[in-house]
Amino acid sequence: FNNKRASVRIRESIMRSRQWLLILLTPLLVGVIAYSQLGVLYGLAAIAAIYLLACIYLISRWSEAKDTGTAYKRYLDQLLFGLESSPQSILFTTAEGNIAYANGNFCELIGLGGNDLTGKNLRDYRDIGVPDTLFDDVGETIAKGEEWHGELFFEKAPPSGKHTLTTCRPIFNEDNEFVFVLTLIDDISDEKVFTQRLYMNAHYDAVTGLPNRSHSIEKLEQATLAAKSRESFFSLVYINLDRFKLLNDSLGHNEGDQVLNQIAGRLRNTVHSNDLVSNLGGDKFMVLLQNQRDEDAVRSVVAIRKAIAEPVDVSGQELSLSASIGLTTFPDDAKNAPDLLRNAESAMYHAREQGGDGFYRYRHEVDNRAASRLAMESHLRYAIDRDELHLAYQPVISLEQNELVGAEALLRWRNRELDNPTPDMFIPIAEETGLILPIGDWVLEQACLQAVEWRRLNPNFVMAVNICAKQFEKGHILNAVEHALSVSGLPPHCLELEVTERLLMGNDSLTKNLLYRLKDMNVRLALDDFGTGYASLSYLKQYPFDLLKIDRSFIADCQESEQSRQLVLAIVSMAHSLGMKVIGEGVERLEQRRLLKDVECDMAQGYLFTPAITADRFTSWADQYQQLQIN
Ligand code: C2E
Ligand code: MG
Ligand code: MG
């Protein structure tokens with residue numbers, strides 16, 4: 001190619017020297033002819049005239065050329081300006097890799113911004129900023145005369161490398177010889193970040209950074225296929241933090257997120273790097289233990305429980321957490337990923353039903369429980385509409401006067417298909433599903449209406465209604481109580497709300513505030529099942545409880561155990577000193593009643609008087625009881 005160029009240049013210079021010869025010789029020839037025909041004077045005049053004309057011609061040609069040169073230079077400048085301002089990186093090299101032109105963007109891309117690379121060879125920058133692919137892969141394609149198109153990463157591009165879409169096009173001369181390579185490079189780093197972010201959002205949990213539910217299920221499916229083909233096994237651990245919702249609502253969602261994040265980090269640090277830790281949504285985590293089963297898997301679960309139990313630091317506050325954990329193994333417990341996950345979940349629920357803070361190894365019968373749980377949930381949705389719910393009432397008796405002073409409303413569910421589930425079976429499900437909200441509203445209203453009726457016969461009558469933690473969420477209880485009181489017309493001091501110690505866990509200001517607001521409404525507050533939780537009596541000082549109900553397990557033990565007797569005595573006297581009245585629950589025998597009376601317990605309820613009965617039967621029971629007292 002270069003030889004051709006040279007020959008063209010030689011030809012042009014020959015042409016140019018011929019022109020000069022013509023310009024020099026023509027006046028001389030015309031002068032000689034004029035001199036020989038017309039004499040010296042004419043000869044010289046002719047020569048001078050022709051030279052003058054030649055000069056004029058040359059000057060005009062020169063200025064024309066000068067103009068063309070200036071225009072050409074301007075044209076080149078504009079072209080260069082255009083190339084330099086292009087958002088693309090542009091590189092123009094010879095077939096041998098000599099750089100004929102590289103714009104500023106290209107220099108920046110290989111980390112040599114501000115340099116002029118013209119005349120250098122691209123290979124000199126191979127290890128410095130130009131990706132290897134551009135020589136190997138691309139070189140091969142280009143050599144075949146084909147265009148190359150693909151993604152390249154320029155690691156030296158500031159600030160931390162750039163992803164590009166690069167096109168390399170071979171350029172041929174008139175003789176179809178491959179002479180140049182034009183490389184055009186688009187920066188796609190932003191798009192790359194965006195698509196990466198989209199991928200992250202779709203596959204990872206925003207709070208913990210762990211794979212999310214759908215991604216975990218994909219990975220679980222891959223794991224089952226891999227285990228099948230390798231004839232290996234793995235275990236699946238399903239973790240649900242206990243009472244996290246309560247913690248989240250009381251501490252705030254930011255703090256809740258911090259807790260989840262810390263737990264996620266601990267789980268990752270507890271298991272092997274090739275085990276999968278993921279988030280199944282909120283406070284549910286999944287851990288896939290590769291090549292582990294039986295004792296190995298149990299050992300890992302023990303380590304996981306230990307890691308969760310370490311105090312969590314949230315905004316300077318130390319919290320202790322626990323979890324309900326389900327464990328299942330592939331292929332021992334299930335043949336595919338969805339079944340395996342379901343098994344792990346039902347094992348987790350089993351652990352949770354046992355009070356949480358524990359783990360359960362999946363067994364087939366747990367699966368049946370999960371199925372019955374699911375059936376219960378779907379039936380419960382229509383229980384109110386189908387008129388399947390009703391209230392039973394258990395009388396509360398004052399021990400001093402032996403008088404009926406009130407009743408506790410206890411929910412009953414008549415559902416033959418499910419064999420009439422007891423509250424202990426369906427209330428937790430209603431709470432988890434949120435169905436307790438409409439059901440709880442209904443209970444409050446019914447109980448208040450019934451209380452108004454019984455107060456006509458007994459003006460001191462107080463109706464107690466059980467309320468669970470879920471009903472306190474978002475202050476729901478305030479509206480529910482207000483509504484029930486206004487619909488029924490029951491004076492607030494005749495309604496007693498029973499809550500358990502579980503509600504007080506976390507010691508959050510929201511719950512406390514709600515309890516005080518209920519107290520301001522003049523509603524009575526009772527702490528149910530006292531003694532089964534962790535609350536100490538002094539701890540209760542900060543809450544506005546009017547009444548304390550000693551759990552029936554203490555009453556049951558009273559006769560046999562001196563310790564229980566002492567405890568009951570201590571509870572009653574301390575409660576009195578804090579201005580609370582006391583009810584003994586589950587009184588089944590006369591001796592228990594006597595004992596409670598001896599320790600000055602205020603009231604009692606239990607099978608000794610009657611189990612919870614329907615409203616109609618309660619009315620006649622109350623009548624009979626009163627007759628009995630009179631006689
Ligand atoms: P609880 O509030 O502690 O209710 C007392 C439970 O003890 C009742 O069981 C009652 O039937 C039973 N009981 C009463 N006297 C005796 C006795 O002498 N011996 C024995 N062994 N048991 C006795 P039930 O009705 O099955 O209720 C269980 C729990 O379900 C209740 O415990 C309460 O926490 C919950 N519950 C019941 N109704 C409702 C409701 O309407 N709303 C809410 N949130 N929870 C409810
Ligand atoms: Mg109760
Ligand atoms: Mg109770």
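Since the model is a prediction, treat every value here as computed from it, not as a measurement.

Colleague: Describe the coordination of the magnesium ion (ligand 2), with residues and values.
Modeller: Binding of the magnesium ion (ligand 2) to the protein goes through E408 (OE), N466 (OD1), E498 (OE) and D528 (OD), at separations of 2.0 to 2.2 Å. Sequence spacing of the donors to the magnesium ion (ligand 2): E-x57-N-x31-E-x29-D. The metal-metal distance between the magnesium ion (ligand 2) and the magnesium ion (ligand 3) is 3.9 Å, with D528 coordinating both. A residue pair is termed long-range when its members are at least 10 positions apart, and N466 in strand 15 (residues 462-466) and D528 in strand 17 (residues 524-530) qualify at 62 residues. A relative accessible area of 29% places N466 in the partly exposed class.

Colleague: Lay out the site of ligand 1 in plain terms, naming residues and giving numbers.
Modeller: Taken together, 22 residues are adjacent to ligand 1, and N466, D528, R552, E588 and Y607 come closest. A distance of 2.9 Å separates a nitrogen atom of ligand 1 from a polar side-chain atom of Q394. Between ligand 1 and R412, the relevant distance is 2.9 Å, taken from an oxygen atom to a side-chain nitrogen or oxygen of the residue. In the complex, the protein chains occlude 86% of the 780 Å² of accessible area that ligand 1 would expose alone.

Colleague: Before we move on, can you summarise the packing of helix 13 (residues 436-455) against helix 14 (residues 476-488) with the specific residues and values?
Modeller: The N-to-C vectors of helix 13 and helix 14 enclose an angle of 30 degrees; their axes lie 9 Å apart at closest approach. Here helix 13 is positioned roughly parallel relative to helix 14, judged by the angle of their axes. In the crossing of helix 13 with helix 14, the sense of the turn from one axis to the other is right-handed. Contacts between helix 13 and helix 14 involve L437, D441, L444, E445, C448, L449 and V452 from the former and H476, I477, A480, V481, H483, A484, L485, V487 and S488 from the latter. Tallied by class, residues from the contact of helix 13 with helix 14 come to 11 nonpolar, 3 polar and 2 charged.

Colleague: How would you sum up the pattern of salt bridges? Please name residues and give values.
Modeller: Following the criterion strictly, the structure yields 20 salt bridges and no others. Between R352 and E432 there is a salt bridge whose closest N-O contact spans 2.7 Å. With a gap of 80 residues between them, R352 in helix 10 (residues 337-353) and E432 in helix 12 (residues 423-433) connect regions that are remote in the sequence. Owing to a relative accessible area of 28%, R352 belongs among the partly exposed residues under this scheme. The class for E432 is partly exposed, based on a relative accessible area of 33%. A salt bridge links K470 to E473, with the nearest nitrogen and oxygen atoms 3.3 Å apart. For E473, a relative accessible area of 24% translates into the label partly exposed. Connected via shared salt-bridge partners are R352, E353, R373 and E432.

Colleague: So, the packing of helix 8 (residues 253-270) against helix 9 (residues 294-309): which residues are in play, and what are the values?
Modeller: The contact between helix 8 and helix 9 brings their axes to 9 Å, and the two run at 145 degrees. Crossing hand, helix 8 versus helix 9: right-handed. When helix 8 is examined against helix 9, the residues I263, R266, L267 and T270 are found in contact with a partner set consisting of A303, I304, A307 and I308. Class assignment of the residues belonging to the contact of helix 8 with helix 9 gives a composition of 6 nonpolar, 1 polar and 1 charged.

Each value, and the rule that gives it
- Residues numbered from 1 in each chain as written.
- Chains lettered and ligands numbered in written order.
- Predicted model: local features only at pLDDT ≥ 70, side-chain atom pairs only at ≥ 80, totals over all residues.
- Heavy atoms only, no water.
- Donors = N, O, S within 2.8 Å, 3.2 Å for Na, K, Ca; no water.
- Helix = DSSP H or I, 4+ residues; strand = E, 2+ residues; numbered from the N terminus.
- Buried < 20%, exposed > 50% of the residue type's maximum accessible area, 1.4 Å probe, protein only.
- Near = heavy atom within 4 Å.
- Polar contact = N/O pair within 3.5 Å; in protein donor to acceptor, adjacent residues only side chain to side chain.
- Areas by Shrake-Rupley, 256 points an atom, 1.4 Å probe, with all protein chains shown as cover.
- Axes fitted to C-alpha atoms, helices over the stretch in contact; angles between N-to-C directions.
- Parallel < 35°, antiparallel > 145°, perpendicular 65-115°, else oblique.
- Left-handed = near helix turned anticlockwise from the far one by under 90°.
- Contact = heavy atoms within 4.5 Å.
- Nonpolar A, V, L, I, M, F, W, Y, C, P; charged D, E, K, R; others polar.
- Salt bridge = Lys/Arg side-chain N within 4 Å of Asp/Glu carboxyl O.

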